[in-house]
Protein chains: 2
Amino acid sequence: MATQSLNEALHQLLHVYKRQLRAGVIRHQIPLSITHIRMLKGICRIPDSTAGTFVQRMGQDKARVTRIINELMNDALVEKRDNPHDRRSQFLVPTDAGLKMLGRIEALEEEAAVQMTGQLSAEDIEAFMRITATMTQNAADTADKEKDDHE
Amino acid sequence: MATQSLNEALHQLLHVYKRQLRAGVIRHQIPLSITHIRMLKGICRIPDSTAGTFVQRMGQDKARVTRIINELMNDALVEKRDNPHDRRSQFLVPTDAGLKMLGRIEALEEEAAVQMTGQLSAEDIEAFMRITATMTQNAADTADKEKDDHE
DNA sequence: CCAGATGGTTGATAATGTCAACCAATATAC
DNA sequence: GTATATTGGTTGACATTATCAACCATCTGG
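I will try to describe carefully the structure that is included in this document. Just so it is clear, the structure is predicted and the values come from calculations on it, not from any experiment.

For the rest of this paragraph, the subject is the packing of helix H2 (residues 34-45) of chain A against helix H4 (residues 62-74) of chain A. All names here are of chain A. Where H2 contacts H4, the axes come no closer than 10 Å and their chain directions differ by 80°. Comparing the axis directions of H2 and H4 gives the class roughly perpendicular. Counting all contacts with H2, which are made through Thr35, His36, Met39 and Leu40, the residues of H4 involved are Ile68, Ile69, Glu71 and Leu72. Tallied by class, the residues present in the contact of H2 with H4 amount to 5 nonpolar, 2 polar and 1 charged.

Around DNA strand D lies a shell of 24 residues, among which Ala63 of chain A together with Gly52, Ala63, Thr66 and Ser89 of chain B are the nearest. Every element with two or more residues in the surface near DNA strand D is listed here: H2 and H4 of chain A together with helix H1 (3-27), helix H3 (51-58) and helix H4 (62-74) of chain B. With 6 residues, H4 of chain B is the largest single contributor of residues to the surface near DNA strand D. Partitioning the surface near DNA strand D into residue classes produces 5 nonpolar, 9 polar and 10 charged.

Take the environment of Val78 of chain B next. Residue and element names in this part refer to chain B. Mapping Val78 onto the fold places it in strand E1 (residues 78-82). The spacing of Val78 and Pro31 is 47 residues in sequence and 15 Å in space, taken between C-alpha atoms. In this view, Val78 contacts Leu40, Ile43, Ile69, Leu72, Met73, Leu92, Val93, Pro94, Thr95 and Gly98; residues no more than four positions away in its chain are not counted.

Right, let's talk about helix H5 (residues 96-117) of chain A for a bit. Residues and elements named next belong to chain A. Counted at 1.5 Å a residue, the expected span for H5 with its 22 residues is 32 Å, and the 32 Å between its end C-alpha atoms agrees. Taken together, the buried positions of H5 are Gly98, Met101, Ile105, Leu108, Glu109, Ala112, Met116 and Thr117. Mapping the buried residues of H5 onto a view down its axis gives an arc of 145°, with all of them on the same face. Within H5, the exposed residues directed more than 90 degrees away from the buried face are Asp96, Lys100 and Gly103. Just past H5, the residue Gln119 takes up positive phi, approximately 70°.

A few words on the protein's contact with DNA strand C. Within the structure, DNA strand C sits among 23 residues, and Gly52, Ala63, Thr66 and Ser89 of chain A together with Ala63 of chain B are positioned closest to it. Every element with two or more residues in the surface near DNA strand C is listed here: helix H1 (3-27), helix H3 (51-58) and H4 of chain A together with helix H2 (34-45) and H4 of chain B. If one sorts the elements of the surface near DNA strand C by residue count, H4 of chain A sits on top with 6 residues. Partitioned by chemical class, the residues of the surface near DNA strand C number 5 nonpolar, 9 polar and 9 charged.

Basis of the calculations
Residues numbered from 1 in each chain as written. Chains lettered and ligands numbered in written order. Predicted model: local features only at pLDDT ≥ 70, side-chain atom pairs only at ≥ 80, totals over all residues. Axes fitted to C-alpha atoms, helices over the stretch in contact; angles between N-to-C directions. Helix = DSSP H or I, 4+ residues; strand = E, 2+ residues; numbered from the N terminus. Parallel < 35°, antiparallel > 145°, perpendicular 65-115°, else oblique. Contact = placed C-beta atoms within 7 Å. Nonpolar A, V, L, I, M, F, W, Y, C, P; charged D, E, K, R; others polar. Near = placed C-beta within 6 Å. Expected span 1.5 Å × (residues − 1). Buried ≥ 20, exposed ≤ 12 C-beta atoms within 10 Å, placed from the backbone. Arc of directions from axis to C-beta.

In structure tokens, the structure reads:
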């Protein structure tokens, strides 16, 4: 298998996917970047969200997670609540405006998925989900292994 | 099919893939970013490369392509040659140093591909390539359609 | 009680990506 | 032959993404 083509295929997919999302963001008039959208979505859907749970789940740098959360708070889309179990940490909850924004985000994501998957069978999509889950796990395992090697 | 999971699967894949490549860049001591690597690779492999052909093939913004080329020239990895057919345009060719760098790039990409595809069958990989080609085409078609709509 | 670890914050920087305005050259239409 | 439109590429500017380091407050384990 040409390794070149796997690498290049991934690059191109990443690129067009992001470009498509950005176009959708404009079309749906969502005043948020892609990462803000993902995070707001997560806060709306997952109870007891904290900065730390996003670091875990999204694999994002905690500095960046903090900044995104602050920007969502500045936009009055989420609020912080005390975490009675750990005063270092705060729970994140959506505001009414955040919940309303979620509706538009869901429309955007539905549309993006439909566009991406046109002409693909349900089997193909399921295979894609399974294969990308494996690839993601492989890549994450490699990174963890490296980190451990450095320690 | 949960549209959320397709979107999130793509985000996570993009993220871990890039992180893995960056780790590989460090490990192979390649003093280039991912985009510089892709472009140098393209220049080494494809005759009559110009800024314009990269814009076409990689779907990248021409401003960015120009900047990357300039940086590769500054690093003495590529050179420009006159294009006798069009004085606006220049052919890009690798230098000896660029060709040597290609060897390391190929090692990096081979390793990244092997890591990503661990535990996947040849059929899975082939399915992945086919499905991502369709998705990339779908997303690109959507973007082109939109652009036409605006004109 | 205290050293070490953890959750989160801020500063700084690099890479990626886009848009706009521009110039030189080419192509097209008349 | 010439004016106009288009194209290839350049530069300025800015936003988003991503990371690392240093730090503070708090928690954990011995």
